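In case you want the letters, here they are:
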Amino acid sequence: MKRVLFVILAVFILIQFIRPAKNDSKNETNAISTVMEIPIEVNKMIQTSCADCHTNSTKYPWYNEIAPASWYLAQHVKEAKEHLNFSEWTTYNKDQKEHILKDLKEVLNERKMPLKSYLLIHKGAKLTENQYQILYDWVNNIKVE
């Protein structure tokens, strides 16, 4: 039994050296805010409820320093940014933007974001019904060029 516990502890310590890249670029030259004015209230909601996963600048919780949680978070952020990355908005073509906006309206209508798992740790990210409506109206009024 001691041997098994020692092996588990050794593996746990060794995996701490396998570090995923962090999502912490400060380069915002392609951000959505460079091509449109975002209302202050909407920007605040995006920063509070969306930015950790859907921009190039994640504010990591303490447990991101511990594997395998760090691996899970890195994969989650990577997948989220594949759907929408506010920091890379200007790199999307017109069809991509239209598709993203269509999906975003659906997600907001169905209250699928922020994810429940995210809200467990980030209580302040929970959106009210009014906030969902404000975000939906903003997304609905974005003109794609």
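All values reported here derive from a predicted model rather than from experimental measurement. Each residue is numbered by its place in its chain's sequence as written, counting from 1. Residues qualify for local features only when their pLDDT is at least 70, as the model is predicted, and side-chain atom pairs are given and counted only at 80 or more; totals for whole chains, interfaces and linings, by contrast, use all residues. Only hydrogens and water are removed before side-chain values are computed, so all heavy atoms of the structure are retained for them.

(A) The overall build of the chain, seen in detail. A run of DSSP states H or I qualifies as a helix once it reaches four residues; a run of E qualifies as a strand once it reaches two. Both are numbered from the N-terminal end. Broken down by element type, the chain carries seven helices and zero strands. Order of helices (α) and strands (β) in the chain, N terminus to C terminus: α-α-α-α-α-α-α. Atoms considered for the radius of gyration are the C-alpha atoms alone. The globule rule reads 2.2 Å times the number of residues to the power 0.38. Rg of the C-alpha trace for the chain: 18 Å, well past the compact-globule value of 15 Å for 145 residues, more than 25% over. Projected onto its principal axes, the C-alpha positions of the chain cover 65 × 30 × 25 Å. The buried label applies to any residue whose accessible area, calculated with a 1.4 Å probe on protein chains only, is under 20% of its type's maximum; exposed applies above 50%, and partly exposed to all values in between. With 145 residues in all, the chain has 33% of them scored as buried. Contact between two residues is taken to exist if any of their heavy atoms lie within 4.5 Å; hydrogens are not considered. Within the chain, contacts between residues at least 6 apart in sequence are counted, and of these 76% link residues at least 24 apart. Here the Shrake-Rupley method, with its probe set to 1.4 Å, supplies the accessible areas, and only the displayed protein chains count as covering residues. With the model as given, the accessible surface of the chain reaches about 9,800 Å², and the carbon-plus-sulfur share is 61%. Neither His nor the chain ends contribute to the count of charged residues, in which Lys and Arg are positive and Asp and Glu negative. In plain terms, the charge of a residue is placed at NZ if it is Lys, CZ if Arg, CG if Asp and CD if Glu. Within the chain, one finds 19 positive and 17 negative side-chain charges whose respective centroids are separated by 9 Å.

(B) Quick peek at unusual backbone geometry. Across the junction of Ala-67 and Pro-68, the peptide omega takes the value 10 degrees, indicating a cis bond. Relative to the helices and strands, Pro-68 is located in the loop between α3 (51-54) and α4 (69-83). For the bond running from Met-113 to Pro-114, omega is -10 degrees, close enough to zero to count as cis. Turning to its location among the elements, Pro-114 is positioned in the loop between α5 (94-109) and α6 (116-121). The backbone of Arg-111 sits at a positive phi, close to 60 degrees, despite the residue not being glycine. With respect to the element layout, Arg-111 can be found in the loop between α5 and α6.

(C) Representation of α4 in the model. A helix's residues, less one, multiplied by 1.5 Å, set its expected span. Under the 1.5 Å per step criterion, the end-to-end length of α4 is 22 Å for 15 residues, consistent within 8% with the ideal 21 Å. Within α4 the residues assigned to the buried category are Ser-70, Leu-73, His-76, Val-77 and Ala-80. Angular distribution of buried residues about the axis of α4 spans 130 degrees; they occupy a single face of the element. Set apart from the buried face of α4 by more than 90 degrees, the exposed residues are Tyr-72 and Glu-82. As for α4, its buried residues are in contact with α3. Regarding the arc, it is the one traced by the directions from the helix axis to the C-beta atoms.

(D) Molecular detail of the pattern of salt bridges. By salt bridge we mean one thing: a side-chain nitrogen of Lys or Arg within 4 Å of a carboxyl oxygen of Asp or Glu. In the structure shown here, the tally under the stated rule is five salt bridges. Here Arg-19 and Glu-65 are joined by a salt bridge, their closest N and O atoms 2.7 Å apart. Remark: Glu-65 occurs in the loop between α3 and α4 and Arg-19 occurs in the loop between α1 (2-15) and α2 (40-49); sequence separation between them is 46 residues. Across the pair Lys-78 and Glu-82 runs a salt bridge whose closest N-O atoms are separated by 3.3 Å. Pair noted here: Lys-78 and Glu-82 are both in helix α4, with a separation of four residues, about one helical turn. Judged by relative accessible area, which is 47%, Lys-78 ranks as partly exposed.

(E) Fine view of the packing of aromatic side chains. Pairing of aromatic rings covers Phe, Tyr and Trp, the last through its six-membered ring, and needs centres within 6.5 Å; plane angles under 30 degrees mean stacked, over 60 mean edge-to-face, and all others mean tilted. Under the criterion given, the structure shown has two aromatic pairs. Ring geometry for Trp-89 and Tyr-92: centres 5.9 Å apart, planes at 90 degrees, overall edge-to-face. The same class applies to Trp-89 and to Tyr-92, which are both buried. Here, a charge over a ring means that NZ of Lys or CZ of Arg falls within 6 Å of the ring centre while also lying within 35 degrees of the ring normal. It is Lys-22 that lies over the ring of Tyr-60; its NZ or CZ is 5.2 Å from the centre.

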